[in-house]
Amino acid sequence: MAMGRGRPRGAAGGGERAQLLPQASRLVELPCSSSDDSDGDVDLPASELDPAVSCSIPPAPSAFSQCVRHLAFLWNLLFLLLGLLVLAVGVWGLLAKGSVAGARFAPLGSDPMLLLVLAGLSASAVSLGGCLGALRSSPCLLRFFVGSVLSFAGLEVLAALLVLAARHRLRDALRGALLLCLLRYQDEPDLRFLVDEVQRSLRCCGLGSYRDWEANPYFNCSAPGAQACSVPASCCLDPRQNGTVVNALCAAGALRLGDAAAGTVVYVGGCVAQLSAWLRSQAGAIVTSAAVLVLVEAVGVLMALKMLRDITARG
């Protein structure tokens, strides 16, 4: 009877061990196991761990990577604010002219305010992508930022090559741009401001001479009004005839005078030759500004590429 009773115990014990073996094998197959000394669990030996399912903890970013990330965020935040400022100036100029309310837009090439709006929108969108990409460590936004900056840099290089290739036609291009400004002088306040600043600073009038203003319908001698047969006040030798306020009619009747008589009232020389000479004298400053712009773009791209490489390394 004792022996008969002992066999079932052994059989039961063997059954319990047979049930525990699959559980132990499942414990070995777990990718991550945490042991708690208070529960009495024993860590599995390293030889029984499966390297294919073992845990891999991503390396923490280095101090240099963190510094690059914060610097990229501040870098793009600065250009985001500058882009928003340019955008605000452009929108303010359009509202001041009434172009938005009246739905009257001039061609893009002849409206500096529209150019400012377009430049501000582009810079703000790209800088915002760079800011969010650096802040959230987003590969998609960082790639968008890198691609946009490289596209801008490519357009700048293409424009520089076109200017170098057509530098002999620069005088004709300036003449065409100034003629457009001359014809739209009374219609676009921002173009009027630019023309007045050029004529006043370079002490010139018209394209080739002061008589080019006859092409403007408001200054033509056949036009009605007080400005007929005159030129803008920025052409006058002394626009402040009373010493305090600019006299808008200081050049009244100048187009009826001969060159010698008109030379005592207005500048008779044109602006194309003087503007071309001024641009040639400022070639060094223009090249330096372009190099600084390319350097700024290169620094932003390098920081974005460094963050992309860190994100890829962390997996």
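I will try to describe carefully the structure that is included in this document.

Cut-offs and rules
Residues numbered from 1 in each chain as written. Predicted model: local features only at pLDDT ≥ 70, side-chain atom pairs only at ≥ 80, totals over all residues. Heavy atoms only, no water. Axes fitted to C-alpha atoms, helices over the stretch in contact; angles between N-to-C directions. Helix = DSSP H or I, 4+ residues; strand = E, 2+ residues; numbered from the N terminus. Parallel < 35°, antiparallel > 145°, perpendicular 65-115°, else oblique. Left-handed = near helix turned anticlockwise from the far one by under 90°. Contact = heavy atoms within 4.5 Å. Nonpolar A, V, L, I, M, F, W, Y, C, P; charged D, E, K, R; others polar. Disulfide = S-S within 2.5 Å. Buried < 20%, exposed > 50% of the residue type's maximum accessible area, 1.4 Å probe, protein only. Expected span 1.5 Å × (residues − 1). Salt bridge = Lys/Arg side-chain N within 4 Å of Asp/Glu carboxyl O.

Below, the discussion takes up the packing of helix α5 (residues 170-183) against helix α8 (residues 272-281). Two numbers describe how α5 lies on α8: the axes approach to 10 Å, and their chain directions differ by 125°. When the axis of α5 is compared with that of α8, the two are oblique. The two elements α5 and α8 meet at a crossing, and its hand is right-handed. Note on element contacts: α8 touches α5 through Val272, Ala273, Leu275, Ser276 and Leu279, opposite Leu170, Arg171, Leu174, Arg175 and Leu178. Across the contact of α5 with α8, the residue classes break down as 7 nonpolar, 1 polar and 2 charged.

With that settled, consider the state of the cysteines. In a disulfide, the sulfur atoms of two cysteines are covalently bonded to one another. Taken as a whole, this structure holds 4 disulfides when the rule is applied. Across the disulfide from Cys205 sits Cys235; the S-S distance is 2.2 Å. An S-S torsion of about 85° defines the bridge between Cys205 and Cys235 as right-handed. Residue Cys205 is located in the loop between α6 (189-202) and α7 (259-262), and its partner Cys235 is located in the loop between α6 and α7; the two are separated by 30 residues in the primary sequence. For the pair Cys205 and Cys235, one class covers both residues: buried. Covalently, Cys236 is tied to Cys250 through a disulfide, its sulfur atoms 1.9 Å apart. Sign of the S-S torsion, about 95° for the bond between Cys236 and Cys250, identifies this disulfide as right-handed. With Cys236 in the loop between α6 and α7 and Cys250 in the loop between α6 and α7, this pair connects stretches of sequence that are 14 residues apart. A relative accessible area of 3% places Cys236 in the buried class.

This part takes up the packing of helix α4 (residues 139-165) against helix α9 (residues 283-314). Taken N-terminus to C-terminus, the directions of α4 and α9 make an angle of 155°; their axes are 10 Å apart at the nearest point. If you check the angle between α4 and α9, you find them roughly antiparallel. Of the two elements, α4 crosses α9, and the hand of that crossing is left-handed. Counting all contacts with α4, which are made through Pro139, Leu142, Arg143, Phe145, Val146, Val149, Leu150, Phe152, Ala153 and Glu156, the residues of α9 involved are Leu293, Val294, Glu297, Gly300, Val301, Ala304, Leu305, Met307, Leu308 and Ile311. Its residues assigned to classes, the contact of α4 with α9 comprises 16 nonpolar, 1 polar and 3 charged.

Here we take up α6. Along an α-helix, residues three or four apart share an orientation, since each turn contains 3.6 residues. End to end, α6 covers 20 Å across 14 residues, agreeing with the expected 20 Å (1.5 Å per residue, within 8%). Positive phi appears at Arg203, one or two residues downstream of α6, with a value of about 55°.

This part takes up the pattern of salt bridges. Counting across every chain of the model gives 5 salt bridges. The closest approach of N and O atoms between Arg211 and Asp259, which form a salt bridge, is 3.6 Å. You can see Arg211 sitting in the loop between α6 and α7 and its partner Asp259 sitting in helix α7, a full 48 residues away along the chain. Through salt bridges with shared partners, a single ionic network connects Arg211, Glu214 and Asp259.

Moving on: unusual backbone geometry. Of note in the backbone geometry, Ser137 takes a positive phi value of approximately 55° without being a glycine. Topologically, Ser137 is positioned in the loop between α3 (112-136) and α4. Exposure remark for Ser137: the relative accessible area of 24% places this residue in the partly exposed category. A positive phi angle is found at Cys229, which is not glycine, with a value near 65°. Looking at the element boundaries, Cys229 is found in the loop between α6 and α7. Residue classification places Cys229 among the buried positions, given a relative accessible area of 0%.

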